[in-house]
Structure formats: structure tokens, C-alpha cells
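Spelled out, the chains give:
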Amino acid sequence: MSKQEDYDKNGFVIVDGRLIHYNGGDKNVVIPDTVKVIGYRSLGDSIERLYIPKSVETIEKYPFLSGLHLAEIEVATDNLYYYSRDNCLIERKTKKIVKGTYKSVIPRDGSVTAIGEGAFHDVDGARFYISNCITVIESRTFGSGIDVTIAIEAENKPNGWADDWDSNEGLTWEETDWEDGAAGIILEWGASFSESD
């Protein structure tokens, strides 16, 4: 049996329930409810708002070519595998953020304990607070961001964080003078959080 390819009128290329590519130019994208798998690098970098339906069961690593402009993520409330909270796309089973945006707020109440590979890799102009309930951060979670501050409750890198959680870009060196005079990523280890943060 050959694979069925479906070219949706809105620019979605879907093969056997797997989103292969989105060619459309919309900034507000609603994934069709025929999609079960959002594939690797299937979504472009012009998307600002993304809606994920109940039908999606799997989101592969790095679903975006670049999520630079992505601001808002919403998941159908009856999706059994994923949910969204404060612009974080979270896998229910693992309690892991799989994708975030520059508007994301990382939960600090223990409902999320991990941040997945590449989740915030290409995010600019953001401030993130990471509490001690985040016990796992995978490879290349952060990096390539400009004008980003990460406040971390832990005083040193926890054991559950991958050695290259910062994409080996020297983020722990608090480098702030990047190319073209742009500010890089500043880390604040041992930060204390208030309710207003």
C-alpha cells in the first residue's frame, strides 16, 4: 500500500497522519485535526500563534525550522498527550516542556519537571525563571538567543541537566557582548523568586 499524501488547501503537507511541512504564509496556524504526528522541522519560522488539536499524539524534536517569532501556543483541552500552559507546550506523560516561546512562563509549582531538547533554543527577548522543581534539562535546550535572561534557583548546574543544556555556547560564562553589539544570554544562578516574577 502506498502512502497517501494530502495537500491541504491551507498549505499543509500531510502523509499518513504525519505533518511533513507547512507551506502556508499564515501567522496564526491551526494544525488540521487529521494530523497525529507533527514532524521534525515541519513548521516554518513565520508562525506567531499555533493551535494543536486533540488528534495530535506525537510531536517530534525540533518541530520548527525556527521558532523565533512564535509567541503563543494553545493545545485543545481534550488532547490526551499534550497541554499548553503559559505558552509552554507540555507533554503530559513526562511533565516536560517540548516547546516554549519568548512569552513562556516556566511553571514553578512542580507540574513540570523537565525541559526538552531545543525547547527554547531560538528564543529572543525573554526572561525565564527556573525553579528547583526542574530536575532535568536536555541537550541544546537554550542557546542562540539574544537579549535573554535566565534566573535559576539552583546555585550550580544540577546533576540532571545535560552538559550541553546551553548548546555549549558558554552561557554559564554570562557572555553579554555578542556579534553586532547584541546582548546574549545572561544567567543568574542562585536567584530567589517572588510572586511578581
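Scroll up to find the structure this text is about.
Okay, so let's go over this structure. (Residues numbered from 1 in each chain as written. Predicted model: local features only at pLDDT ≥ 70, side-chain atom pairs only at ≥ 80, totals over all residues. Heavy atoms only, no water.)

Some words on the overall build of the protein
Step number 1: The helix and strand inventory of the protein stands at 0 helices and 16 strands.
Step number 2: Every one of the 197 residues in the protein was classed for burial, and the buried ones make up 46%.
Step number 3: For the protein, the accessible surface area stands at approximately 10,200 Å², while carbon and sulfur atoms represent 45% of it. (Helix = DSSP H or I, 4+ residues; strand = E, 2+ residues; numbered from the N terminus. Buried < 20%, exposed > 50% of the residue type's maximum accessible area, 1.4 Å probe, protein only. Areas by Shrake-Rupley, 256 points an atom, 1.4 Å probe, with all protein chains shown as cover.)

Concerning unusual backbone geometry
Step number 1: Unlike most non-glycine residues, R41 shows phi in positive territory, near 50 degrees.
Step number 2: Its location among the elements puts R41 in the loop between β5 (37-38) and β6 (49-52).
Step number 3: One non-glycine residue with positive phi stands out, namely Y62, at about 50 degrees.
Step number 4: Residue placement: Y62 occurs in the loop between β7 (58-59) and β8 (72-75).

Considering the environment of E155
Step number 1: The residue E155 is located in the loop between β15 (148-152) and β16 (185-189) in this model.
Step number 2: Classification of E155 as exposed rests on a relative accessible area of 62%.
Step number 3: E155 sits 33 residues away from E188 along the chain, and the two C-alpha atoms are 8.7 Å apart.
Step number 4: Filtering out sequence-adjacent residues up to four positions away, E155 remains in contact with W189 and G190. (Contact = heavy atoms within 4.5 Å.)

Some details on the pattern of salt bridges
Step number 1: Per the counting criterion, the structure on display carries 11 salt bridges.
Step number 2: The residue E48 makes a salt bridge to R49 at a minimum N-O spacing of 3.8 Å.
Step number 3: The exposure class assigned to E48 is partly exposed, which follows from its relative accessible area of 25%.
Step number 4: For R49, a relative accessible area of 36% corresponds to the partly exposed category.
Step number 5: The salt bridge involving E72 is made with R49; its shortest N-O contact spans 3.4 Å. Residue E72 is found in strand β8, and its partner R49 is found in strand β6; the two are separated by 23 residues along the sequence.
Step number 6: The exposure class assigned to E72 is partly exposed, which follows from its relative accessible area of 28%.
Step number 7: What emerges from the salt-bridge pattern is a single network uniting K27, E48, R49, E72 and K103. (Salt bridge = Lys/Arg side-chain N within 4 Å of Asp/Glu carboxyl O.)

A word on the nonpolar core
Step number 1: Grouped together as the largest cluster of nonpolar side chains are 23 residues, with contacts concentrated most on I97, F120, F128 and I130.
Step number 2: Of all the secondary-structure elements, those providing two or more residues to this core are β10 (88-91), β13 (126-130) and β15.
Step number 3: Membership of the second largest hydrophobic core comes to 21 residues, among which are I31, I47, L89 and V98. (Core = buried A, V, L, I, M, F, W, Y, C linked by side-chain atoms within 4.5 Å.)

Remarks on the side chain of S131
Step number 1: By the element assignment, S131 lies in the loop between β13 and β14 (136-137).
Step number 2: Of the residues examined, S131 reaches a relative accessible area of 6% and is grouped as buried.
Step number 3: With near-sequence residues (within four places) excluded, S131 lies in contact with P107, R108, E153 and F193.

Structural notes on the sheet that holds β6
Step number 1: Taking strand neighbours across the sheet as the criterion, the 3 strands line up as β4-β6-β8 in an open arrangement whose pairing is parallel. Each edge of the sheet is formed by a strand with only one pairing partner; in this case those strands are β4 (28-30) and β8. Within this sheet the neighbouring strands show an average axis-to-axis angle of 10 degrees, counted without direction.
Step number 2: Direction of pairing for β4 relative to β6: parallel, over a ladder of 3 bridges. Residue V29 lies in a different strand from β6, and its bridge partner there is L50. (Pairing = 2+ DSSP bridges. Axes fitted to C-alpha atoms, helices over the stretch in contact; angles between N-to-C directions.)

Considerations on the environment of S104
Step number 1: The topology assignment puts S104 in the loop between β11 (96-100) and β12 (114-115).
Step number 2: Measuring from C-alpha to C-alpha, the distance between S104 and A126 comes to 8.3 Å, with 22 residues separating the pair along the chain.
Step number 3: In contact with S104, other than residues within four places in its own chain, are D86, N87, C88, F120 and F128.
Step number 4: In this structure the side chain of S104 is engaged in a polar contact, spanning 2.5 Å, whose partner is the backbone oxygen of N87.
Step number 5: At 2.7 Å, the side chain of S104 and the backbone nitrogen of T101 are in polar contact. (Polar contact = N/O pair within 3.5 Å; in protein donor to acceptor, adjacent residues only side chain to side chain.)

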